[in-house]
Amino acid sequence: MPTAASSEDFPVKTTQICLRQGIRDGMPIALGYFAVAFTLGIAARNADFSAVQAMVESLTNNASAGEYAVFSLAAARAGYWEVAVMTLVANARYLLMSCSLSQKLAPETPLYHRMLVAFDVTDEIFGISIGKPGPLNPFYTYGAMTIALPSWAFGTAMGVVAGNVLPVSLGSALSVALYGMFIAIIIPAAKASRIVGGVVLVSFLASFIVSRIPLFDRLSDSMKISLLTVLIAGAAAILFPIKEKDGAGSAPDTNQKTEVTGHDA
């Protein structure tokens, strides 16, 4: 009979070891999450979220870009469909990460373990999970989630509290840190691939042009971003597909290699 701590597929001793390893490796991630989530809390406060509301949002949507989209759209009083589409676009890369991580799990891993692991696929947790030698024991990922997710949610709540106490000017200055995080994500990928860098520049230029065309004035800024993201990313995927090495399956070409950095993400 399985115990409450594991299933029949994972011995108790193994799950305990993997859980401790996950917590250990997740501690540095948790510290970084708290700092980033704190700036998200400033954005949440500007969108009139309470500390409790922001914490619940972070517990259910552990992604900085997706959360920032939610807070920004809420502040702009956007419709539900706009929020849903923008969140899907901002978090779309996690679908690819989940597909990759599913291949790391043993074939006999139960479905509910796969679903629980998929709940908190972030850049950092994906990175340490995919880097584990051999098949991934889901309890290793659970350990990282156990320490990282509460830190993310608590950091967001503390950001809201601090935003209510700090002067407006200081709160605005702290919110700039979030843009620094986005830059930290874009720059390494653009340096690693000229194609990625070109796509980033095209995105900036297209966004500026669309903002100046009266035809698009009826669309909200968030909807413009959603449409441009889908169109430009789709065009780039068609024009510049990732090359595969001979006999290496889906291994990407070295010129297309990007780094997994930041929580955005």
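Keep in mind that what you see is a predicted model, and the values were worked out from it rather than measured.

Novice: How should the overall build of the chain be read in this particular structure?
Specialist: Helix and strand counts for the chain come out as 11 helices and 0 strands. Beginning at the N terminus, the succession of helices and strands in the chain can be written as α-α-α-α-α-α-α-α-α-α-α. Per-residue burial over the chain gives 38% buried out of 265 residues. Look at the contacts in the chain between residues 6 or more apart in sequence, and 78% of them connect residues 24 or more apart. Only carbon and sulfur atoms are counted for the fraction: they give 70% of the accessible area of the chain, which is about 15,100 Å².

Novice: What am I meant to see in the pattern of salt bridges here?
Specialist: Where charged atoms from two side chains of opposite charge come close, those side chains can pair. All told, the structure shown has 2 salt bridges when counted by the stated rule. We note a salt bridge from Arg 24 to Asp 25, for which the minimum N-O separation is 3.0 Å. Between Arg 77 and Asp 48 there is a salt bridge, with the nearest N and O atoms lying 3.6 Å from each other. Highlighted residues: Arg 77 in the loop between helix H3 (64–75) and helix H4 (80–90) and Asp 48 in the loop between helix H1 (12–46) and helix H2 (51–60), separated in sequence by 29 residues. Like Arg 77, the residue Asp 48 is exposed in the burial classification.

Novice: Just to check I follow, could you spell out the packing of aromatic side chains for this structure?
Specialist: The geometry of an aromatic ring pair comes down to the distance between the two centres and the angle between the two planes. Here the structure, examined in full by the defined rule, presents 4 aromatic pairs. Ring geometry for Phe 139 and Tyr 142: centres 5.2 Å apart, planes at 75°, overall edge-to-face. Here Phe 139 pairs with Tyr 142, and both are found in helix H8 (residues 138–165), just 3 residues apart, close to one helical turn. Classification of Tyr 142 by relative accessible area gives buried; the value is 12%.

Novice: Any chance you could explain the side chain of Thr 141 here in plain terms?
Specialist: Residue position: Thr 141 is located in helix H8. In this structure Thr 141 touches Val 117, Ile 125, Ser 129 and Leu 136, once residues within four positions along its chain are discounted.

Novice: What is the right way to read helix H10 (residues 194–212) from this model?
Specialist: Because each turn of an α-helix spans 3.6 residues, side chains separated by three or four positions end up pointing in the same direction. Look at H10: 27 Å from first C-alpha to last across 19 residues, which is about the 27 Å you get at 1.5 Å a residue. Here H10 has its buried residues at Gly 197, Val 200, Ala 206 and Val 210.

Novice: Teacher, can you tell me more about a nonpolar patch on the surface here?
Specialist: Taken together, the side chains of Ile 183, Ile 186, Ile 187, Leu 201 and Phe 204 define a hydrophobic patch exposed on the protein surface, amounting to about 490 Å² of accessible area. For the nonpolar patch, the elements supplying multiple residues, two or more each, are helix H9 (168–192) and H10. Per-element accounting of the nonpolar patch gives the leading share, 3 residues, to H9. Tracing the chain through its elements places Ile 187 in helix H9. By relative accessible area, Ile 187 is classed as partly exposed at 42%.

Novice: Help me understand the packing of H3 against H4, please; the structure alone is not making it clear to me.
Specialist: For any two helices packed against each other, the geometry comes down to the angle between their axes and how far apart the axes lie. Direction vectors running N to C along H3 and H4 enclose 160°, while the axes themselves pass 8 Å from each other. The angle between H3 and H4 falls in the class roughly antiparallel. Between H3 and H4 the crossing geometry is right-handed. Contacts from Ala 65, Gly 66, Ala 69, Val 70 and Leu 73 of H3 reach H4 at Glu 82, Val 83, Met 86, Thr 87 and Ala 90. A per-class count over the contact of H3 with H4 returns 7 nonpolar, 2 polar and 1 charged.

Novice: Looking at this model, I keep getting lost on the layout of surface pockets. Mind explaining?
Specialist: One simple way to see leftover space: roll a probe sized like a water molecule over the atoms. Considered as a void within the structure, the second largest pocket measures approximately 250 Å³ in volume. Listed by contribution, the elements that provide at least two residues to the lining of the second largest pocket are helix H5 (93–104) and helix H6 (111–119).

Novice: I keep staring at the environment of Pro 107 and nothing clicks. Help me out?
Specialist: Secondary-structure assignment places Pro 107 in the loop between H5 and H6. A relative accessible area of 75% places Pro 107 in the exposed class. Taking the C-alpha atoms as reference points, Pro 107 and Pro 135, separated by 28 residues in sequence, lie 9.2 Å from one another.

Novice: Teacher, can you tell me more about the nonpolar core here?
Specialist: When a protein is soluble and globular, its nonpolar side chains tend to lie buried together. In this structure, Tyr 33, Ala 44, Phe 71, Leu 101, Val 121, Ile 125 and Trp 152 are the most contacted members of the largest nonpolar core, which totals 31 residues. At the level of elements, H1, H3, H5, helix H7 (123–130) and H8 are the ones that each hand at least two residues to this core.

Rules behind the numbers
Residues numbered from 1 in each chain as written. Predicted model: local features only at pLDDT ≥ 70, side-chain atom pairs only at ≥ 80, totals over all residues. Heavy atoms only, no water. Helix = DSSP H or I, 4+ residues; strand = E, 2+ residues; numbered from the N terminus. Buried < 20%, exposed > 50% of the residue type's maximum accessible area, 1.4 Å probe, protein only. Contact = heavy atoms within 4.5 Å. Areas by Shrake-Rupley, 256 points an atom, 1.4 Å probe, with all protein chains shown as cover. Salt bridge = Lys/Arg side-chain N within 4 Å of Asp/Glu carboxyl O. Phe/Tyr/Trp six-rings, centres within 6.5 Å; stacked < 30°, edge-to-face > 60°. Expected span 1.5 Å × (residues − 1). Patch = residues over 30% accessible without salt bridge, like charges linked within 9 Å, V, L, I, M, F, W, Y side chains within 5 Å. Axes fitted to C-alpha atoms, helices over the stretch in contact; angles between N-to-C directions. Parallel < 35°, antiparallel > 145°, perpendicular 65-115°, else oblique. Left-handed = near helix turned anticlockwise from the far one by under 90°. Nonpolar A, V, L, I, M, F, W, Y, C, P; charged D, E, K, R; others polar. 1 Å grid on protein atoms, 1.4 Å probe; cavity = no way out; pocket = protein on both sides within 12 Å on 5 of 7 lines; lining within 4 Å. Points joined across faces, edges and corners; volume = space filled by probe spheres on them. Core = buried A, V, L, I, M, F, W, Y, C linked by side-chain atoms within 4.5 Å.

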